[in-house]
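# Per-entry structural report
Given next are the chains, with one letter for each unit.
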Amino acid sequence: ADNARFYLGFDESDASLAKANFPGATTFATGNPLREDMAFPKFTRAEVRERLGAFDEKLILLGGGKSVLSNMSRLSTVLEHVARISGDLKFRIVLSLHPGDRAPYAVDSVGGKGLGIYEEVMRESPVPLVIMGLTQGDLSTSEMIPGMDVVIAGFTGSTTVEAAFNRIPAICLGGEVELRKLQKEAGSRNPE
């Protein structure tokens with residue numbers, strides 16, 4: 001670290017904090033290249049909706065995280081509330097699973113059979129529900145965002161930030177469990 005001559009940080013505060021660890025380095029705030037990618041979606045709104053077979057529904061993307069507890073809590077809340085307001089409007093919830101979510105692979109320790117946790121939620125859902133990330137070739141969360149009417153995600157991921165880049169209304173949804181995770185990960189209870 002003492003021999004480093006330059007340091008590239010996401011923002012000015014990151015670059016200035018780096019001085020303590022890299023005293024001889026010139027620091028530069030370069031921004032986050034992943035954020036730049038968010039401004040240039042792979043698919044258009046029409047392409048996403050066509051690939052999902054959605055034409056007259058209101059599409060709500062629910063971004064999943066690694067935590068089964070957080071995912072199920074958010075999913076239950078969204079399904080219950082959308083079912084109450086649906087009336088004449090047609091809604092479809094699209095849950096995009098995080099690659100780190102192990103629930104799709106959960107196995108009954110007695111019988112060795114897959115638990116099918118998300119499949120059960122799909123069968124019992126009061127609102128049409130599609131789960132992406134269970135099969136190869138599914139659209140990723142980022143790829144789907146431009147086709148959505150609303151995006152809902154937890155406090156710690158970048159899904160709602162990417163929705164904002166695409167001018168899609170975004171909601172951070174979570175309770176005390178999510179706030180505690182946010183505090184651990186980001187040092188604050190305020191989502192980005």
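Data block above holds the structure.
These remarks concern the structure in this document. Since this is a predicted model, take the numbers as computed values, not measurements.

### Some words on the pairing of strand β5 (residues 129–132)
- Looking at chain direction, strand β4 (residues 91–96) and β5 are connected through four bridges and run parallel. Opposite L95, over in β5, you have I131 as the bridge partner.

### Re the sheet that holds strand β6 (residues 150–153)
- Read across the open sheet, the five strands follow the order β5-β4-β3-β6-β7; overall the sheet is parallel. Looking along the sheet, the strands with just one partner apiece sit at the ends: β5 and β7 (170–172). On average, each strand axis in the sheet is tilted by 20° relative to the strand beside it, whichever way the strands run.
- Along the sheet face, helix α4 (residues 68–85) touches β3 (58–63), β4, β5 and β6 and points at about 170° away from the line of β4.

### Overview of the packing of α4 against helix α5 (residues 117–124)
- Two elements in contact, α4 and α5, have axes whose closest approach is 12 Å; the angle formed by their N-to-C orientations is 5°. Between α4 and α5, the crossing angle belongs to the class labelled roughly parallel. Taken together, the residues of α5 that come into contact with α4 (itself represented by N71, M72, L75 and L79) are I117, Y118 and V121.
- Of the residues belonging to the contact of α4 with α5, the class tally is six nonpolar, one polar and no charged.

### Looking at the pairing of β3
- Burial runs high along β3: five of the six residues are buried.
- Here β3 pairs with β4 via six bridges, running parallel. Within β4, the position partnered with K58 by the bridge is F91.
- Direction of pairing for β3 relative to β6: parallel, over a ladder of three bridges. Bridge assignment links I60 to a residue of β6, and that residue is V150.

### Description of the side chain of R49
- Here R49 lies in helix α3 (residues 45–52).
- Residues within four places of R49 in sequence aside, it is in contact with A54, F55, E57, L59, G147 and D149.

### Looking at the pattern of salt bridges
- In the structure shown here, the tally under the stated rule is nine salt bridges.
- With a shortest N-O distance of 3.3 Å, R49 and D149 are connected by a salt bridge. With R49 in helix α3 and D149 in the loop between α6 (141–144) and β6, the pair connects residues that are 100 residues apart, well separated along the chain. Per residue, the accessibility class of R49 equals that of D149, and both read buried.
- The residue E176 makes a salt bridge to R180 at a minimum N-O spacing of 3.2 Å. Remark: R180 and E176 occur in helix α8 (residues 176–186); sequence separation between them is four residues, near one turn of the helix.
- Since its relative accessible area comes to 38%, E176 is described here as partly exposed.
- Salt bridges here are not isolated pairs; linked through shared partners, they connect R45, R49 and D149.

### What to know about the nonpolar core
- Of all hydrophobic cores here, the largest spans 17 residues; its most connected members are L62, L75, L79, V82, I93, L95 and L129.
- Among the elements that make up this core, the one with the highest residue count is α4 (four residues).
- If sequence neighbours within four positions are ignored, L75 has contacts with L62, L95, V121 and L129.
- Core analysis: the second largest hydrophobic core is formed by 15 residues, V48, L59, M132 and M148 among them.

### A look at the layout of surface pockets
- There is about 460 Å³ of room inside the largest pocket.
- As for the largest pocket, its lining consists of 26 residues, of which G64, H98, G157, S158 and T159 are closest to the centre.
- Among the elements of the structure, α4, α6, α7 (159–165) and α8 are those that each provide at least two residues to the lining of the largest pocket.
- Counting residues per element, the lining of the largest pocket draws most heavily on α8, which supplies three residues.

About the cut-offs
- Residue positions are counted from 1 within each chain, in the order its sequence is given.
- This being a predicted model, a pLDDT of at least 70 is required before a residue's local features are given, and a value of 80 or more before pairs of side-chain atoms are given or counted; all residues contribute to the totals for chains, interfaces and linings.
- The side-chain numbers reported here are obtained from all heavy atoms of the structure, hydrogens and water having been left aside.
- In this analysis, strands are considered paired if DSSP registers two or more bridges between them.
- What counts as a helix is a DSSP run of H or I of at least four residues, what counts as a strand is a run of E of at least two, and both are numbered from the N terminus.
- To obtain each axis, a line is fitted to C-alpha atoms, and for helices this fit is confined to the stretch in contact; angles are then taken between N-to-C directions over 0 to 180 degrees.
- Between two residues, a contact is recorded if the distance between any of their heavy atoms is within 4.5 Å.
- If an angle is under 35 degrees, it is roughly parallel; if it is over 145, roughly antiparallel; if it lies from 65 to 115, roughly perpendicular; otherwise it is oblique.
- Polar here means any residue outside two lists: the nonpolar Ala, Val, Leu, Ile, Met, Phe, Trp, Tyr, Cys and Pro, and the charged Asp, Glu, Lys and Arg; Gly therefore counts as polar.
- Three labels apply to residues, based on accessible area from a 1.4 Å probe with only protein chains included: buried if under 20% of the type maximum, exposed if over 50%, partly exposed otherwise in between.
- Salt bridge criterion: a side-chain nitrogen from Lys or Arg within 4 Å of a carboxyl oxygen from Asp or Glu.
- Each nonpolar core is a collection of buried residues, namely Ala, Val, Leu, Ile, Met, Phe, Trp, Tyr and Cys, held together in the definition by side-chain atoms within 4.5 Å.
- Here a cavity is any set of points on a 1 Å grid over the protein atoms alone where a 1.4 Å probe fits but cannot get out, and a pocket is any open set with protein on both sides within 12 Å along at least 5 of 7 lines; a residue lines the site when it has an atom within 4 Å of a point.
- Grid points are joined across faces, edges and corners, and a volume is the space filled by probe spheres set on the points.

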